[in-house]
Amino acid sequence: MAYLVLGNGMVFEGKRVGAAVDSVGELVFSTGVVGYLETITDPAFAGQILVGTFPLCGNYGVIESDLEGECALRGFVARSISETPSNFRSQYELGRYFSEHGIPAIVDIDTRELTRVLREEGTMNAMICDEVPASLDGINAYRVTGVVPAVSVKESAVYPAAGEEKYRVTLIDYGTTKSLIETLCAGGCTVKVVPYNTAASAILFDRPDGVVLSGGPGNPEELTECIEELKKIIGEVPVFGIGLGHQLAALALGGRIARHTYGHRGGNQPVREIGGTRTYITSQNHSYLVDAESLSHVGVERFTNANDGTCEGMEYPAKKCFTLQFTPDTVGGAHSTSFLYNRFFEMLAR
């Protein structure tokens, strides 16, 4: 038996899976139906306990080649996790993955009720534990801080273009995913991945054709030094920002951000292109939003969320920069957003 104790005092009783350790984190939910491997290894979840809203998780096991990076979760909550996965690519069960990586998980939880609590009251802290604590002070004192330095690479690395090199791109790693690097390489880019705190002078000294700002975890306003360095980069070379990179670019250009009540997480977030006729289903993972009006002096809002009207994409024409709150698809298709990578490649070719 184990417990999920929320910062508001609610207690959910369940069963332990994974590592037998207690853990406190920021409790958030993801609405994805599939893609749990990519989700749990997305560095943007650093410092958080993740609730899967789909009732079954782990049914196709763990396929290590599908992992996006190292798991940075503080914990995982599900209605159920399959102990007998069925997939010809499966290597082992999800519970074993959590055990081997020190991640506590809890199942037999009413995730429908739990998600309603988070939607109505907003993101809050929680604890996975064997005994309900006498005080909530330790739970509510937790803060997601220092997560970008924890997940960013410590040294630069270069990834060659797939086939003929067309462009040289520097990717600033605030918590990047493997698939982003692979997509850039597939587009003909030789990608140099650099730590989050790399100086603008060092990046521009390499004379890259463009710079990519990766997604990542945490509050972008904490990264004051990164914002100052981006002020020196944006406008010098084409810049493409995704997720946290979208928010950091906005702050560097004088905009404002705000915290969403419960965030957007999952692979089914609807996004409309302003002035267009299409709604795209996108993958997202963030707690903070860009205030598009605060950037009207320098940018144009290009995408909005179809559910709540929040900003999903900005373009800064005079700065050769565009940014997206969502992650474009890495595989093309009739309803894909992968064409947005091509927009960046076209900027590099000019």
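Cut-offs and rules
- Residues numbered from 1 in each chain as written.
- Predicted model: local features only at pLDDT ≥ 70, side-chain atom pairs only at ≥ 80, totals over all residues.
- Heavy atoms only, no water.
- Helix = DSSP H or I, 4+ residues; strand = E, 2+ residues; numbered from the N terminus.
- Rg over C-alpha atoms; globule rule 2.2 N^0.38 Å.
- Buried < 20%, exposed > 50% of the residue type's maximum accessible area, 1.4 Å probe, protein only.
- Contact = heavy atoms within 4.5 Å.
- Axes fitted to C-alpha atoms, helices over the stretch in contact; angles between N-to-C directions.
- Parallel < 35°, antiparallel > 145°, perpendicular 65-115°, else oblique.
- Nonpolar A, V, L, I, M, F, W, Y, C, P; charged D, E, K, R; others polar.
- Core = buried A, V, L, I, M, F, W, Y, C linked by side-chain atoms within 4.5 Å.
- Left-handed = near helix turned anticlockwise from the far one by under 90°.
- Pairing = 2+ DSSP bridges.
- Right-handed = clockwise from strand over helix to strand, strands pointing away.

A.B. asks: Would you explain the overall build of the protein chain in this entry?
C.D. replies: Per the secondary structure count, the protein chain includes ten helices and 19 strands. Relative to the compact-globule value of 20 Å for 350 residues, the protein chain shows a C-alpha radius of gyration of 20 Å, a close match. Taking the principal axes of the C-alpha coordinates as reference, the protein chain spans close to 60 × 45 × 40 Å. Split into buried and exposed, the 350 residues of the protein chain put 56% on the buried side. Here the contacts in the protein chain between residues at least 6 apart in sequence split such that 72% fall between residues at least 24 apart.

A.B. asks: How do you make sense of the packing of helix H8 (residues 224-233) against helix H9 (residues 244-252) when you look at a structure like this?
C.D. replies: The description of two packed helices rests on the angle between their axes and on the distance between the axes. Contact geometry for H8 and H9: axes closest at 9 Å, N-to-C directions at 75 degrees. The angle between H8 and H9 falls in the class roughly perpendicular. Together, Ile 227, Leu 230 and Lys 231 of H8 and Leu 248, Ala 249, Leu 251 and Ala 252 of H9 make up the contact between the two elements. Taken together, the residues of the contact of H8 with H9 break down into six nonpolar, no polar and one charged.

A.B. asks: Is there a simple way to explain the nonpolar core in this structure?
C.D. replies: Within soluble globular proteins, side chains that are nonpolar tend to cluster in buried spots. Membership of the largest hydrophobic core comes to 33 residues, with the highest contact counts inside it found for Ile 172, Tyr 174, Leu 230 and Ile 233. Residue assignment for this core shows that the elements contributing at least two residues are helix H7 (200-205), strand S13 (210-213), H8, H9, strand S16 (279-291) and strand S18 (311-316). In terms of residues, this core owes the most to one element, H9, which gives six residues. Filtering out sequence-adjacent residues up to four positions away, Leu 230 remains in contact with Ile 172, Tyr 174, Leu 213, Leu 248, Ala 249 and Ala 252. Of all hydrophobic cores here, the second largest spans 25 residues; its members include Tyr 167, Leu 184, Leu 324 and Met 347.

A.B. asks: Where do I start with the packing of helix H6 (residues 178-186) against helix H10 (residues 339-349) in this structure?
C.D. replies: Direction vectors running N to C along H6 and H10 enclose 55 degrees, while the axes themselves pass 11 Å from each other. One way to sum up the angle between H6 and H10 is to call them oblique. H10 is crossed by H6, and the crossing has right-handed handedness. For the pair H6 and H10, contact is made by Leu 180, Thr 183 and Leu 184 and by Tyr 341, Phe 344 and Phe 345, respectively. The residue makeup of the contact of H6 with H10, split by class, is five nonpolar, one polar and no charged.

A.B. asks: Help me understand the environment of Leu 114, please; the structure alone is not making it clear to me.
C.D. replies: Following the sequence through the fold, Leu 114 ends up in helix H3 (residues 111-121). Other than its neighbours up to four places away in sequence, Leu 114 contacts Leu 4, Leu 6, Phe 12, Leu 27, Val 51, Val 77 and Ile 109.

A.B. asks: Explain the pairing of S13 to me, please; I cannot follow it from the model alone.
C.D. replies: The side chains of a regular strand alternate between both faces of the sheet. Every second residue of S13 is oriented toward a common face, with Gly 210 and Val 212 on one face and Val 211 and Leu 213 on the other, all of them buried. Pairing of strand S11 (residues 167-173) with S13 involves four bridges; the strand directions are parallel. Along S13, the bridge assignment pairs Leu 171 with Val 212. Pairing of S13 with strand S14 (residues 239-242), which is carried by three bridges, proceeds in the parallel orientation. What sits directly across from Val 212, in S14, is Phe 240. For the crossover that starts at S13, traverses H8 and ends in the parallel S14, the hand is right-handed.

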